[in-house]
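Chain residues, written in single-letter form:
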Amino acid sequence: MDPNTGEVAAPTEAELLRAKVLELERELKKIATARVTRSETQGKLALALSKAQGAMENAAKDANNPFYGSKYADLASVWGAIRKPLSDNELAIFHTVLECSSQKVSVETRLHHSSDEWCATVVSLPITAISKDREKVVVVTAQHIGAALTYGRRYGIQLVTGNAPRDDDDGN
């Protein structure tokens with residue numbers, strides 16, 4: 001408020017962007033969901049997964065996120081940690097894109113055992129398109145959608161295998 005006139009100043013573009021980011025974060029809490037489905041029986045799958053998990057290393061946080069100034073385990077690192085233990089125990093991962101729009105993607109990740117037992121999770125994520133300098137909202141591009149699909153695949157794999165990155169700090 002202007003102390004001389006009593007008028008309220010219009011918000012700056014940066015203030016509007018911060019408000020939009022907060023709104024998107026609130027929406028993310030509502031939209032970013034994961035649900036699990038599974039085959040009628042689970043015994044052989046559970047045994048194979050427990051053997052695979054015993055042989056898995058945690059994914060290495062070897063990628064840099066310049067947007068947040070942090071390190072994370074990218075999809076290749078997650079795959080590197082789980083591929084052989086899954087294969088050695090007759091387990092395979094399948095991904096299916098269930099929804100893909102300029103607002104949201106949903107990816108199903110299915111862990112399938114050679115016995116035909118399986119479990120699957122669906123990860124739904126909103127698409128956010130904010131400039132690298134975090135100063136403005138930009139048009140959603142194929143790169144934004146691809147990034148959200150990659151996040152969905154990575155999170156789905158970690159959910160169905162129980163693999164977490166080394167030094168996981170998502171709770172911070």
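Quick caveat: nothing in here was measured; it's all calculated off a predicted structure.

The rules behind these values
- Residues numbered from 1 in each chain as written.
- Predicted model: local features only at pLDDT ≥ 70, side-chain atom pairs only at ≥ 80, totals over all residues.
- Heavy atoms only, no water.
- Helix = DSSP H or I, 4+ residues; strand = E, 2+ residues; numbered from the N terminus.
- Buried < 20%, exposed > 50% of the residue type's maximum accessible area, 1.4 Å probe, protein only.
- Contact = heavy atoms within 4.5 Å.
- Phe/Tyr/Trp six-rings, centres within 6.5 Å; stacked < 30°, edge-to-face > 60°.
- Lys NZ or Arg CZ within 6 Å of the ring centre and 35° of its normal.
- Core = buried A, V, L, I, M, F, W, Y, C linked by side-chain atoms within 4.5 Å.
- pLDDT = per-residue confidence, 0-100.
- Pairing = 2+ DSSP bridges.
- Expected span 1.5 Å × (residues − 1).
- Bend = angle between axes of the 7 residues up to and from the residue.

### Concerning the environment of Leu 91
Step number 1: Here Leu 91 is to be found in strand β4 (residues 91–100).
Step number 2: For Leu 91, a relative accessible area of 7% puts it in the buried group.
Step number 3: With 39 residues separating them in the primary sequence, Leu 91 and Ala 52 have C-alpha atoms 8.5 Å apart.
Step number 4: Among residues more than four places away in sequence, those in contact with Leu 91 are Leu 45, Ala 48, Leu 49, Ala 52, Leu 86, Leu 111, His 112 and His 113.

### Topic: the side chain of Gln 158
Step number 1: Note that Gln 158 resides in helix α4 (residues 142–161).
Step number 2: Among the residues examined, Gln 158 registers a relative accessible area of 13% and is labelled buried.

### Overview of the packing of aromatic side chains
Step number 1: Summed over all chains, the structure comprises one aromatic pair.
Step number 2: Sitting over the face of the ring of Trp 118, Arg 110 holds its NZ or CZ atom 3.8 Å from the ring centroid.

### Regarding the nonpolar core
Step number 1: In this structure, Trp 79, Ile 82, Leu 86, Leu 91, Ile 93, Leu 111 and Ile 157 are the most contacted members of the largest nonpolar core, which totals 19 residues.
Step number 2: For this core, the secondary-structure elements that each account for two or more residues are α2 (43–55), α3 (75–88), β4 and α4.
Step number 3: Looking at this core element by element, the count peaks at six residues for α3.
Step number 4: Counting residues in each nonpolar core, the second largest holds eight residues, with Val 123, Leu 125, Ile 127 and Ile 145 among its members.

### Here's the deal with the confidence of the model for the protein
Step number 1: Averaged over all residues, the pLDDT of the protein equals 84, while 85% of them reach at least 70.
Step number 2: The element-level mean pLDDT for the protein is lowest in helix α1 (residues 13–31), coming to 69, with α2 highest at 96.

### Focus on the pairing of β4
Step number 1: Looking at chain direction, β4 and strand β5 (residues 104–113) are connected through nine bridges and run antiparallel. Along β5, the bridge assignment pairs Phe 94 with Arg 110.
Step number 2: A loop of three residues connects β4 with β5, the two strands running antiparallel in sequence.

### Side note on α3
Step number 1: Its 14 residues give α3 an end-to-end C-alpha distance of 20 Å, which sits within 8% of 20 Å, the value for a rise of 1.5 Å per residue.
Step number 2: Along its length, α3 shows its largest kink, about 40°, at Ile 82, and proline Pro 85 lies within four residues downstream of that point.
Step number 3: Within the span of α3, buried status applies to Leu 75, Ser 77, Val 78, Trp 79, Ala 81, Ile 82, Pro 85 and Leu 86.
Step number 4: Contacts made by the buried residues of α3 are with α2, β4, β5 and α4.
Step number 5: Once α3 finishes, Glu 90 follows within two positions and takes phi at roughly 60°, a positive value.

### Remarks on the pairing of strand β6 (residues 118–126)
Moving residue by residue along a regular strand, the side chains alternate between the two faces of the sheet.
Step number 1: With nine of nine residues buried, β6 is to be regarded as a mostly interior element.
Step number 2: Residues of β6 alternate between two faces, with Trp 118, Ala 120, Val 122, Ser 124 and Pro 126 on one and Cys 119, Thr 121, Val 123 and Leu 125 on the opposite face, all of them buried.
Step number 3: In this sheet, β6 lies alongside β5 in antiparallel orientation, the contact comprising nine bridges. Each bridged residue has a counterpart across the sheet, and for Val 105 the counterpart in β6 is Leu 125.
Step number 4: A loop of four residues connects β5 with β6, the two strands running antiparallel in sequence, and Asp 116 in this loop sits at a positive phi of about 75°.

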